[in-house]
Amino acid sequence: AVVSTQSTGILDYVSNNGPYDGIMAFSQGACLTSMLCSMKRTESALADVSFVMLFNGFRSRITKHDKYYTDVIDTVRSLHVYGQTDEVIPVDMSEKLVASFHDPVKFMHPGGHFVPSSAPVRNFCKEFLHEQLKLKHSS
């Protein structure tokens, strides 16, 4: 019930304040966002969301949430950034989430459980955002 309560609140917010082109999320927020991406096929509030940027994300380990990862998530373009030395969300958990998306873009930084601000990561994220802007204007 937690996901439905949280997702209802997020969907209401997006409906009332959107449209949004993308979502950026960290850790548990990235987990929830991945499930929202799976719901995108049936949720009109998410219709305009075309990309996500997920930092230190992971797939939910709650059995009831397995349904969100049954099919490859192909409803959005995804960027995944995670830390090589993350002791909160180990690399294998982040990579399992990455594998849940169609054609994911990923960047593994040498740090831990944080959103890195180093120039290589900033430039990588900036390039991803520029690509999303180009795709938006070409459609």
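Whatever comes next refers back to the structure up there.
I will try to describe carefully the structure that is included in this document. Per chain, residues are indexed from 1 in the order of the written sequence. Selection of residues for local features in this predicted model requires a pLDDT of at least 70, selection of side-chain atom pairs for listing and counting requires 80 or more, and totals for whole chains, interfaces and linings are taken over all residues. Working from all heavy atoms in the structure, the side-chain values ignore hydrogens and water.

Here we look at the sheet that holds strand 3 (residues 77-83)
Any two strands with at least two DSSP-identified bridges between them are counted as paired. Only runs of H or I of at least four residues qualify as helices and only runs of E of at least two qualify as strands under DSSP, and these elements are numbered from the N terminus. Reading across the sheet, the four strands line up as 1-2-3-4 and stay open at both edges, with parallel pairing between neighbours. Two strands lie at the open edges of the sheet, namely strand 1 (22-26) and strand 4 (105-109), each paired on one side alone. Direction aside, neighbouring strands of the sheet carry axes that sit 10 degrees apart on average. The pairing of strand 3 with strand 4 spans five bridges and is classified as parallel. Among the inter-strand pairings, Val81 is bridged to a residue of strand 4, identified as Phe107. In this analysis, two residues are considered to be in contact whenever any of their non-hydrogen atoms come within 4.5 Å of each other. Axes, fitted as lines to C-alpha atoms, cover a helix only where it is in contact. Angles between the N-to-C directions of the axes lie from 0 to 180 degrees. The sheet contacts of helix 3 (residues 91-98) involve strand 2 (51-55), strand 3 and strand 4, and relative to strand 3 the element is tilted by about 175 degrees. Helix-sheet contacts for helix 4 (residues 119-138) involve strand 2, strand 3 and strand 4, and the interaxial angle to strand 3 is about 175 degrees.

Thoughts on the side chain of Ser34
Looking at where Ser34 falls in the secondary structure, it is placed in helix 2 (residues 28-39). Relative accessibility decides the category of a residue: with a 1.4 Å probe and only protein chains considered, values under 20% of the type maximum give buried, values over 50% give exposed, and everything between is partly exposed. On the basis of relative accessibility, which here comes to 0%, the residue Ser34 falls in the buried class. Filtering out sequence-adjacent residues up to four positions away, Ser34 remains in contact with Phe58, Tyr69, Ile73, Leu97 and Phe101.

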